[in-house]
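Tertiary structure, described
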Amino acid sequence: MGQTLPKPALRPFLPADVPVLAAIFAASIEQLTGDDYSEAQQEAWMSAAEDEEFGKRLASDLTLIATLEGSPVGFASLRGTDHIRMLYVHPAVAGQGIATMLVDALEKLAGGRGAKSLSVDASDTAEGFFAKRGYAAQQRNSVTINDEWLANTTMKKTLGAEQ
Ligand SMILES: CC(C)(COP(=O)(O)OP(=O)(O)OC[C@H]1O[C@@H](n2cnc3c(N)ncnc32)[C@H](O)[C@@H]1OP(=O)(O)O)[C@@H](O)C(=O)NCCC(=O)NCCS
């Protein structure tokens, strides 16, 4: 009643975040991508968090964590200067602008690193989100994880004058 909702905040990734980010990754795939991918595809996708490469990639990329009242609720990572590698938001807080805040920040950071454009291999679930932000589809891809084929779309946005 009259209470203001807690405001999300951003902070950089720390190595100790890996387990909670793995849990957000799995929950978001399990609960948000079911309209676009089969259960077998979701399981294969989720299994990526069990690989030690998962934490290594987060550490080597520029990874940002979105928090609500100090707890991580989503994360996104920039590979090099111009590619969004990961974007995952916990289903409990989906639709509240968390991904928007993360991608706004990555676009600014990419611009700051001199990138003229930013690309992402968007899941079919995230394609609408990126299209709304001005990313244009370039090509369809299929990636294989644990014998399952998953489709995604390479999308690209030219970073504009606001950067
Ligand atoms: C895609 C994802 C990151 C969006 O996170 P989110 O925090 O719910 O997104 P936001 O609340 O910032 O959404 C911003 C806008 O995009 C829209 N949007 C969000 N997800 C969308 C979708 N799947 N399709 C179309 N539009 C979408 C929202 O309606 C909102 O529009 P509005 O500003 O007009 O209200 C989240 O659904 C997710 O984690 N999905 C599963 C994992 C995944 O596919 N990751 C992408 C890998 S590339």
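Below you will find a few notes about this structure. (Residues numbered from 1 in each chain as written. Predicted model: local features only at pLDDT ≥ 70, side-chain atom pairs only at ≥ 80, totals over all residues. Heavy atoms only, no water.)

1. Regarding the overall build of the protein chain
A count of helices and strands for the protein chain gives five helices and seven strands. Traced from its N-terminal end to its C-terminal end, the protein chain shows the element sequence β-α-α-α-β-β-β-α-β-α-β-β. A compact globule built from 163 residues should have a C-alpha radius of gyration of about 15 Å, and the protein chain, at 15 Å, falls within 12% of that. Each principal axis of the C-alpha atoms in the protein chain carries an extent, and together these give about 45 × 40 × 30 Å. By residue count, 44% of the 163 residues in the protein chain fall in the buried class. By element, 51% of the accessible surface of the protein chain is carried by carbon and sulfur atoms, the whole surface being about 8,900 Å². (Helix = DSSP H or I, 4+ residues; strand = E, 2+ residues; numbered from the N terminus. Rg over C-alpha atoms; globule rule 2.2 N^0.38 Å. Buried < 20%, exposed > 50% of the residue type's maximum accessible area, 1.4 Å probe, protein only. Areas by Shrake-Rupley, 256 points an atom, 1.4 Å probe, with all protein chains shown as cover.)

2. Side note on helix α1 (residues 18-32)
Side chains three or four residues apart in an α-helix point the same way, a direct result of the helix having 3.6 residues per turn. Taking 1.5 Å of rise per residue, the 15 residues of α1 would be expected to cover 21 Å, and the 21 Å separating its terminal C-alpha atoms lies within 8% of that figure. When we look at burial in α1, the residues that qualify are L21, A22, I24, F25, A27, S28 and I29. Buried residues along α1 sit against α2 (39-46), α3 (52-60), β2 (62-68), β3 (71-79) and β4 (83-89). (Expected span 1.5 Å × (residues − 1). Contact = heavy atoms within 4.5 Å.)

3. Details of the pattern of salt bridges
According to the stated counting rule, one finds seven salt bridges in the structure shown. Residues R11 and D17 are paired through a salt bridge, measuring 2.9 Å at the closest nitrogen-oxygen approach. R11 sits in the partly exposed class, given a relative accessible area of 25%. Judged by relative accessible area, which is 7%, D17 ranks as buried. The partner of R85 in a salt bridge is D61, and the shortest N-O contact between them spans 2.7 Å. Pair noted here: R85 is in strand β4 and D61 is in the loop between α3 and β2, with a separation of 24 residues, a long-range link. Residue class for D61 comes out buried when judged on its relative accessible area of 9%. Counted as one network, the salt bridges with shared partners bring together D104, E107, R133 and K157. (Salt bridge = Lys/Arg side-chain N within 4 Å of Asp/Glu carboxyl O.)

Remember that the coordinates give geometry; whether it matters functionally is a separate question.
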